[in-house]
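# Fold and contact review
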Amino acid sequence: MTLFVATMSYELHPDTPRESQKLLLAELAGRRWQDRSEGAKMPAGTVWARKQADPGHTTDDVHEACGRDLHDAVAAVARTGRAIALLRAWVQVSGAGTFGLVPAARPDAGPPR
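These notes cover the structure that comes with them.

Rules used in this analysis
- Residues numbered from 1 in each chain as written.
- Predicted model: local features only at pLDDT ≥ 70, side-chain atom pairs only at ≥ 80, totals over all residues.
- Heavy atoms only, no water.
- Helix = DSSP H or I, 4+ residues; strand = E, 2+ residues; numbered from the N terminus.
- Buried < 20%, exposed > 50% of the residue type's maximum accessible area, 1.4 Å probe, protein only.
- Areas by Shrake-Rupley, 256 points an atom, 1.4 Å probe, with all protein chains shown as cover.
- Lys, Arg positive; Asp, Glu negative; His and termini not counted.
- Charge placed at Lys NZ, Arg CZ, Asp CG, Glu CD.
- Core = buried A, V, L, I, M, F, W, Y, C linked by side-chain atoms within 4.5 Å.
- Contact = heavy atoms within 4.5 Å.
- Pairing = 2+ DSSP bridges.
- Axes fitted to C-alpha atoms, helices over the stretch in contact; angles between N-to-C directions.

Turning to the overall build of the chain, a few remarks are in order. Counting its secondary structure elements, the chain contains 2 helices and 5 strands. Listing the helices and strands of the chain from first to last along the sequence gives β-α-β-β-β-α-β. In terms of its C-alpha atoms, the chain occupies a principal-axis envelope of roughly 50 × 40 × 20 Å. Taken over 113 residues, the chain has a buried fraction of 27%. Total accessible area computed for the chain in this model is approximately 7800 Å², and 52% of it derives from carbon and sulfur atoms. Counting 14 positive and 13 negative side-chain charges, the chain places the centres of these two groups 7 Å from one another.

Now for the nonpolar core. Core analysis: the biggest nonpolar cluster contains 20 residues, and Met-8, Leu-24, Leu-28 and Trp-33 have the highest contact counts within it. In terms of residue count, helix 2 (residues 59–79) provides more of this core than any other element does, 6 residues in total. Contacts of Leu-28, omitting those with residues within four sequence positions, involve Met-8, Tyr-10, Trp-33, Val-47, Asp-69, Leu-70 and Ala-73.

In this structure, Pro-55 sits in the loop between strand 4 (46–53) and helix 2. Aside from chain neighbours lying at most four places away, what touches Pro-55 is Met-1 and Thr-2.

Below, the discussion takes up the sheet that holds strand 4. Read across the sheet, 3 strands follow the order 4-1-5 without closing on themselves; strand pairing throughout is antiparallel. What marks the edges here is a single partner per strand, and that holds for strand 4 and strand 5 (86–94). Pairwise comparison of adjacent strand axes, ignoring direction, gives a mean angle of 25 degrees for this sheet. In the sheet, strand 1 (residues 2–12) pairs with strand 4 via 8 bridges, with the strands oriented antiparallel. The residue bridging Thr-2 from the neighbouring strand is Ala-53, located in strand 4. Along the sheet, helix 1 (residues 18–30) contacts strand 1 and strand 4; its crossing angle with strand 1, the most-contacted strand, is approximately 170 degrees. Seen against the sheet, helix 2 touches strand 1, strand 4 and strand 5 and runs at an angle of roughly 150 degrees to strand 5.

Next up, the structure:
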């Protein structure tokens with residue numbers, strides 16, 4: 001098996017209820033997507049996962065599988081009768097290198113003024 005790291009950012013319609021957003025995260029978590037890195041929350045609408053693929057599979061194959069994960073998770077939320085609409089998404093798949101959250105410039109920063 002080959003190991004890849006995938007990062008996915010997605011945007012839901014602004015009218016998507018908070019309950020649907022939470023259920024989508026739960027659906028993605030069930031597909032092994034993480035909304036935290038080393039205990040810290042990822043930016044809103046962003047998840048990451050370690051993905052294994054059979055030898056011979058490329059980053060393109062993993063990218064396609066990641067898109068299926070997202071669409072399947074959105075469909076699962078919709079099947080519960082909850083309103084949800086995916087507007088767009090971005091997936092980046094890498095086979096090597098480093099990854100992680102960037103530390104905040106000011107960890108003590110409060111709300112914007």
